[in-house]
Amino acid sequence: MRALLKNIGIFVIAMVVLALVANFVRTSKNEVRTVAISELAAGIQRKEVKKIEVMDADLTITRVDGKTEVSRKEPTESLPTVLRAYGVTPEQLVGVQLDVVGQTGWRYWLGMLLPVFGPIILIIALFYFMARQVSGANNRAMGFGQSVAKEHVQDEKTKVTFADVAGMKESKEELSEVVEFLKQKEKFTDMGAKIPKGLLLMGPPGTGKTLLARAVAGEAGVPFLHMSGSEFVEMFVGVGASRVRDLFQRAKKLAPAIVFIDEIDAVGRRRGSGMGGSHDEREQTLNQILVEMDGFEANSGIIVIAATNRADVLDPALLRPGRFDRRVTVTYPDINEREAIAGVHAKNKPLNPEISLRGIAERTPGFTGADLANLLNEAAILAVRRAKKIIDLTEILESIDKVLLGPERRSHVFSDEEKRMTAYHEGGHALVSHLLKHTDPIRKVSIISRGHAGGYTLKMPVEDKHYHTRAEFIDDLAMTLGGYAAEKLIFGDDMISTGPSSDLRAATRIARDAVTQYGMSDVLGPRTFGTREELVYVGQGMADKDYSEKTSEVIDGEVARLVKEANERAKSLLVAHRGVLDRIAEELLKKETLEEAEFVALVGVPKGLAA
Ligand code: ADP
Ligand code: MG
Ligand code: ZN
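Owing to the predicted nature of the structure, the values given are computational and were not obtained by experimental measurement.

(A) Looking closely at the overall build of the protein. For the protein, the helix and strand inventory stands at 24 helices and 14 strands. The long-range fraction of contacts in the protein, counting pairs at least 24 apart against all pairs at least 6 apart in sequence, stands at 73%. Accessible surface, the protein as shown: approximately 32400 Å² in total, 57% of it carbon and sulfur.

Written as structure tokens, this is what we have:
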């Protein structure tokens, strides 16, 4: 599209230039005066004209005094006829030298041909350019069958090894086995062992799956063919399959080698689920992957590593023995791993010595490796922008917020009333959370808008948690509704804004999970209802709805009850501590942001008072 616009642009410019040239050609002799025929006739009668050159309709007049003038007549009439009409007698014309000349030379031809052929030539040129571009795309289309896999034969400098991957001890151990297979195939084949063909890395985005796969290749010193699942699926049916074929052909030539298929869920979704459009193409691609994996010998030295963050949607055929039968789960890093990852990414950055990596790890539960890399990078950029020599703690803290919540939007202008609402809203969250026992401590309250949030309340667990108790769910629910309850309490029903809608959605979700996934409802008992899939894939959810309509009513009832009770709880806490809420809101309006210590001092009562 852009190329087309560019071509049209060139075309327009060329036209303008051409028009100017043509105009120049025609008018270049017009530095001289132009006179009307009537004036010429009058001049002849006064005997001021010496010579007239007739060139078609153009007249070049040489006067007795040596000056030149030009004029025009009708092309069909002869000059004497025209002049006679203006009262010039043949006698008066006798003294004038009349030269009738044919146009000659390049100017004549250019003047004749340019207006006719110029545009044609330009249009042809335009078509030619466009055709070339299209055929470029076509050529690429013809080459679609070839894989676009990026091939990395890593050299010493860019090589990624296990040393670059912090933490992930178990994953690395499992993978180092693969490295050994690749390095010393014979050791295993001599023993009659079959080397695994496929290995699936599963884990949330940003946890280092791609990094791990590259590290395996780097450790083993073998080529690494990298292709993303979405790259298989192009606009033409059959392209994906032929790309797969080509990818494996190349791998066979390079063996031993690693074929890395990133985001395999893009092609490897469970077949026949009928979700998403072009699933024919996807299924063909997936089939081809299966065929290729079955096709090569177990000991050919090719190992296929695939990565996905949606292992639950993968086609079971992919996971059968002989295919991706080895699975390595990559999880969110724990506090020690976060410390190590922060160390890897802090290596080339001058940090203020007072910053401890441990401290960063403590403040970043739930961060992935990618988040941590991003955090340190943001901090470095901030330090540069502030013309600092080293990165200070303030930059780190600000970057944590930025990674968590998106960039600050100071430019967003709030009215005073909106600010007051936000202050009470965030104050409500923070106060309810502080008064309850099973919530995480408040780290920061702010009415500076970030990303989509009008303000934010940051809470953070003291340690990493893997299980949540029922009491925590109940308190969390009340805390989530704290903002809504505060707005309602202070500003009344009529003034409730659209602000808390995401809170309400979050609360509903917490309640629903507690009831349907964690068996926390006494009425429904200890079982799950539906799969979590259901929330994402409605169509699939139909099939997976493993409970009756009647039960679904009970679930709705339970969810509504939990949310309502939590709201009541939040409200009564806020009513009981109305004075504190006002203080927090006032302080927030003044300072915009309250850090943990300021907040605790302001509240004045110990955490978990209302338990
Ligand atoms: P995924 O493929 O799981 O989405 P990536 O492998 O692309 O994640 O990781 C993104 C980035 O995060 C990496 O390039 C790296 O900078 C950083 N990262 C993730 N995990 C780690 C780790 N364990 N050690 C060091 N850096 C990591
Ligand atoms: Mg990745
Ligand atoms: Zn809120």
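(B) Here's a closer look at the site of ligand 1. Near ligand 1, the surroundings consist of 17 residues, among which Ala 166, Gly 206, Lys 209, Thr 210 and His 345 are the closest. Here Gly 206 contributes a backbone N or O atom positioned 2.7 Å from an oxygen atom of ligand 1. At 3.2 Å, a backbone N or O of Ala 370 approaches an oxygen atom of ligand 1. Computed on the free molecule, ligand 1 has an accessible area of 560 Å², of which 79% lies beneath the protein chains in the complex.

(C) Just a negative patch on the surface, in detail. Taken together, the side chains of Glu 170, Glu 173, Glu 174 and Asp 334 make up a negatively charged region of the molecular surface. Position of Glu 174 relative to the elements: it lies in helix H6 (residues 169–183). Assessed through its relative accessible area of 38%, Glu 174 is described here as partly exposed.

(D) Spatial organisation of the coordination of the zinc ion (ligand 3). Around the zinc ion (ligand 3), the donor atoms from the protein are His 425 (NE2), His 429 (NE2) and Asp 503 (OD), and they sit 2.0 to 2.1 Å away. Sequence spacing of the donor residues for the zinc ion (ligand 3), all on one chain, is H-x3-H-x73-D. On the criterion of sequence distance, the pair formed by His 425 in helix H17 (residues 416–435) and Asp 503 in helix H19 (residues 501–516) is long-range, its members being 78 residues apart. For the pair shown, His 425 and Asp 503 are each scored as buried.

(E) View of the sheet that holds strand E12 (residues 442–446). Reading across the sheet, the three strands line up as E13-E12-E14 and stay open at both edges, with antiparallel pairing between neighbours. The strands lining the two open edges of the sheet, one partner per strand, are strand E13 (456–459) and strand E14 (593–595). Strand after strand, the sheet turns through a mean of 10 degrees between neighbouring axes, direction not considered. Sheet topology note: the E12/E13 ladder contains four bridges and is antiparallel. Each bridged residue has a counterpart across the sheet, and for Ile 442 the counterpart in E13 is Lys 459. Contacts between H17 and the sheet are confined to E12 and E13, with E12 contributing the most and set at about 165 degrees to the helix. Seen against the sheet, helix H23 (residues 578–591) touches E12 and E14 and runs at an angle of roughly 110 degrees to E14.

(F) A look at the sheet that holds strand E1 (residues 33–34). Overall, mixed pairing links the five strands, which are arranged E1-E4-E3-E2-E5 in an open sheet. Of all strands in the sheet, those bounded by a partner on one side alone are E1 and strand E5 (97–100). Bridge analysis of strand E3 (residues 58–63) against strand E4 (residues 68–72) gives five bridges, and the strand direction is antiparallel. Of the residues in E4, the one forming a bridge with Ile 61 is Glu 69. On top of the sheet, helix H2 (residues 37–45) reaches E1, strand E2 (49–55), E3 and E4; it is set at about 145 degrees to E2, its chief contact.

(G) Representation of the pairing of E3. Across the two faces of E3 the burial differs, with Leu 59, Ile 61 and Arg 63 buried and Asp 58, Thr 60 and Thr 62 not buried at all. Of the pairings in the sheet, the one linking E2 to E3 comprises six bridges and is antiparallel in character. By the bridge assignment for E3, Val 49 is matched with Arg 63. If you look at the hairpin formed by E2 and E3, you'll find two residues sitting between the two strands, and Asp 56 has a positive phi there, around 60 degrees. Counted along the chain from E3 to the antiparallel partner E4, the turn is four residues long, and its residue Gly 66 has a positive phi close to 95 degrees.

Calculation notes
Residues numbered from 1 in each chain as written. Chains lettered and ligands numbered in written order. Predicted model: local features only at pLDDT ≥ 70, side-chain atom pairs only at ≥ 80, totals over all residues. Heavy atoms only, no water. Helix = DSSP H or I, 4+ residues; strand = E, 2+ residues; numbered from the N terminus. Contact = heavy atoms within 4.5 Å. Areas by Shrake-Rupley, 256 points an atom, 1.4 Å probe, with all protein chains shown as cover. Near = heavy atom within 4 Å. Polar contact = N/O pair within 3.5 Å; in protein donor to acceptor, adjacent residues only side chain to side chain. Patch = residues over 30% accessible without salt bridge, like charges linked within 9 Å, V, L, I, M, F, W, Y side chains within 5 Å. Salt bridge = Lys/Arg side-chain N within 4 Å of Asp/Glu carboxyl O. Lys, Arg positive; Asp, Glu negative; His and termini not counted. Charge placed at Lys NZ, Arg CZ, Asp CG, Glu CD. Buried < 20%, exposed > 50% of the residue type's maximum accessible area, 1.4 Å probe, protein only. Donors = N, O, S within 2.8 Å, 3.2 Å for Na, K, Ca; no water. Pairing = 2+ DSSP bridges. Axes fitted to C-alpha atoms, helices over the stretch in contact; angles between N-to-C directions.

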